[in-house]
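Coordinate analysis (summary)
Given next are the chains, with one letter for each unit.
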Amino acid sequence: MEEDLFEHIDTMLESVQEEMTDSGLTFKIRTARQSLVAIEEQYTAGQEALEKADIDDETLESLHQLGYLD
């Protein structure tokens, strides 16, 4: 998963949020966007941890194939 995906999702949610007139729905969209930020931070931290870990080449290749590493 690439970080651009997070940005793309946020852009879509932002465009919906801008069109909302119902305060309850606006709150839900804003909360979803805030949750997306938290998920992106966790993803980035996980990527950094995997990059720093002492992992053999075969396991690294498997993680790449499974999409856990970019």
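Below you will find a few notes about this structure. (Residues numbered from 1 in each chain as written. Predicted model: local features only at pLDDT ≥ 70, side-chain atom pairs only at ≥ 80, totals over all residues. Heavy atoms only, no water.)

Inspection of the secondary structure assignment puts Tyr-43 in helix H2 (residues 23–52). Residue classification places Tyr-43 among the buried positions, given a relative accessible area of 14%. Residues Tyr-43 and Gln-17, 26 residues apart in the sequence, show an inter-C-alpha distance of 24 Å. (Helix = DSSP H or I, 4+ residues; strand = E, 2+ residues; numbered from the N terminus. Buried < 20%, exposed > 50% of the residue type's maximum accessible area, 1.4 Å probe, protein only.)

This brings us to the environment of Leu-50. Here Leu-50 lies in helix H2. With a relative accessible area of 23%, Leu-50 lands in the partly exposed category. For the pair Leu-50 and Leu-60, spaced 10 residues apart in sequence, the C-alpha separation works out to 8.9 Å. Every residue in contact with Leu-50, bar those within four places of it in the chain, is listed here: Ile-55, Leu-63, Tyr-68 and Leu-69. (Contact = heavy atoms within 4.5 Å.)

Turning to the packing of aromatic side chains, a few remarks are in order. Under the counting rule described, the total for this entry stands at 1 aromatic pair. Relative to Tyr-43, the ring of Phe-6 has its centre 5.5 Å away and its plane inclined at 55°; by these criteria the two rings are tilted. In this pair, Phe-6 sits in helix H1 (residues 3–19) while Tyr-43 sits in helix H2, placing the two residues 37 residues apart along the sequence. (Phe/Tyr/Trp six-rings, centres within 6.5 Å; stacked < 30°, edge-to-face > 60°.)

With that settled, consider the pattern of salt bridges. Taken as a whole, this structure holds 1 salt bridge when the rule is applied. Two residues, Arg-33 and Asp-10, come together in a salt bridge whose shortest N-O distance is 2.6 Å. In this pair, Arg-33 sits in helix H2 while Asp-10 sits in helix H1, placing the two residues 23 residues apart along the sequence. (Salt bridge = Lys/Arg side-chain N within 4 Å of Asp/Glu carboxyl O.)

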